Amino acid sequence: MAKIAHLTSVHPRNDTRIFIKQCRSLAAHDYDITLIVADNKGEEYRDNVKIVDAGRLPGRINRILRTTQQVFSKAVDLNADLYHLHDPELIPMGLKLRCLAKKVIFDSHEDVPADIRDKQYINPLVRFVISKIYEIYERRACSQFDAIIAATPYIKDKFLMINANSVDINNYPILGELNLYNINDWSQKELQVCYIGGISVLRGVREIIHALELTTSKVRLQIAGEFDAPDLKEEVKKYSGWKLADDLGFVNRDGVKMILSRCMVGLVTFHPLLNHISAQPNKMFEYMSAGIPVIASNFPLWSEIIEGNDCGLCVDPLDPKAIANAIDFIIMNPDRARQMGENGLKAVQKYYNWDIEEAKLLRLYEQVLGVS
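Residue numbers here run from 1 along each chain, matching the order of that chain's written sequence. Owing to the predicted nature of the model, reporting of local features is limited to residues with pLDDT of at least 70; listing and counting of side-chain atom pairs is limited to 80 or more, with chain, interface and lining totals taken over all residues. Processing note: side-chain calculations cover all non-hydrogen atoms of the structure and skip hydrogens and water entirely.

Chemist: Before we go on, may I ask you to explain the overall build of the chain in this structure?
Modeler: Within the chain one finds 15 helices and 14 strands. At 21 Å, the chain has a C-alpha radius of gyration in line with the 21 Å of a compact globule built from 372 residues. On the principal axes, the C-alpha backbone points of the chain span a range of 65 × 45 × 40 Å. Entry remark: accessible area of the chain is about 16100 Å², with carbon and sulfur atoms responsible for 53%. We count Lys and Arg on the positive side and Asp and Glu on the negative side, and we leave His and both chain ends out. Each charge is placed at NZ for Lys, CZ for Arg, CG for Asp and CD for Glu. Looking at charge distribution, the chain has the averaged site of its 45 positive side-chain charges lying 3 Å from that of its 48 negative ones. Elements are defined by DSSP. Helices are runs of H or I of four residues or more, strands are runs of E of two residues or more, and each kind is numbered from the N terminus. In this setup the radius of gyration rests on C-alpha atoms only. A globule is expected at 2.2 Å times the number of residues raised to 0.38. Only the protein chains shown count as cover for residues, with accessible areas throughout obtained via the Shrake-Rupley method and a probe of 1.4 Å.

Here it is, written out as structure tokens:
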């Protein structure tokens, strides 16, 4: 049985992509899986995965300079056959593991150079320079790894120019996980829409709350997730639309399922940034997998998915009135909404599901490990 170590210094131990999908899938196919995290929550054994805690230190500098070393130390002690890295700051650790003749896979969850260029709190010239420096470093380092996993086809195409052994393992939903009711049982729905995930300015929270002020359908917003800044939460609480929002905070997977079972539409109206336009947000496909329509940003890729499968509406994410009109249309046309929901679920069952991605992950592992 091959011994595998998944490493993260940033993500939580119950991360959907890392633990729920990848680690559990690999463990179910007879791999010996250890997930090394840094959260100060101790060690545990869950779903045939051993979770090892490297410990968390306060502050970003400590995390990058010291926590990564602690993760590396735990990784070396484990003496695994293959190391699967999930954070850019662990790339130097990956290079050290390669020097120890270990097999290493880097999992790129996002287009990091584009993400750096999108950080508006950094001076434009400074972030351009940082982005270029990281891009050069990423190109040189990742060419030395045994394989690259990319979270989207767009990111995969970029890495193919760096490392020929690059594949996309998309963050598509697990079939049946979030579909509580029979898709045709629309009687369970309430006059609710939802946003689930990290809450920030760039993910459109201001426009969503302003859109509530403009709706005529008496709809309520179920907003589940954590604000990235306390002052942002205090700001949007002052908007008149906030009285139509139920602030649910962080919600576990069972809670997400219950929210989706009640709501008539899911929102994913990210701002048009470089790292968003080519992304494939997990929440978009989770809404589809739950059989509810999606209101999404009108980026070409997102429009191809949503409008191409007739499972929702695409709008200008910077226009609260456009968002409000889309909400009202779906709420006031339940038969059409149910059909969109059915179309989205069918698309997930056919194209956008974890079963397909799991098979790609298993094939890559077999190839890297030399398993026939």
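Chemist: Would you take a moment to explain the side chain of serine 200 for this structure?
Modeler: Locating serine 200 in the fold gives a position in the loop between strand E9 (192-196) and helix H7 (205-214). In what follows, a contact means two residues having at least one pair of non-hydrogen atoms within 4.5 Å. Not counting residues up to four positions away in its chain, the partners in contact with serine 200 are Val205, Asp228 and Leu232.

Chemist: Just checking my understanding: could you explain the packing of helix H11 (residues 282-289) against helix H14 (residues 334-350) for this structure?
Modeler: The relative placement of two packed helices comes down to the angle between their axes together with the axis-to-axis distance. Axes here refer to lines fitted to C-alpha atoms; in helices the fit is confined to the stretch in contact. Angles between the N-to-C directions go from 0 to 180 degrees. At a closest axis distance of 7 Å, the pairing of H11 and H14 adopts a crossing angle of 115 degrees. One element, H11, and the other, H14, form an angle in the roughly perpendicular class. Touching Phe285, Met288 and Ser289 of H11 are Gly341, Gly344, Leu345, Ala347 and Val348, all from H14. For the contact of H11 with H14, the class distribution of residues is five nonpolar, three polar and no charged. Roughly parallel here means an angle under 35 degrees, roughly antiparallel means over 145, roughly perpendicular means 65 to 115, and every remaining angle is called oblique. Any residue outside Ala, Val, Leu, Ile, Met, Phe, Trp, Tyr, Cys, Pro, Asp, Glu, Lys and Arg is labelled polar, Gly included; the first ten of those are nonpolar and the last four are charged.

Function cannot be read off these values alone, since they describe shape.
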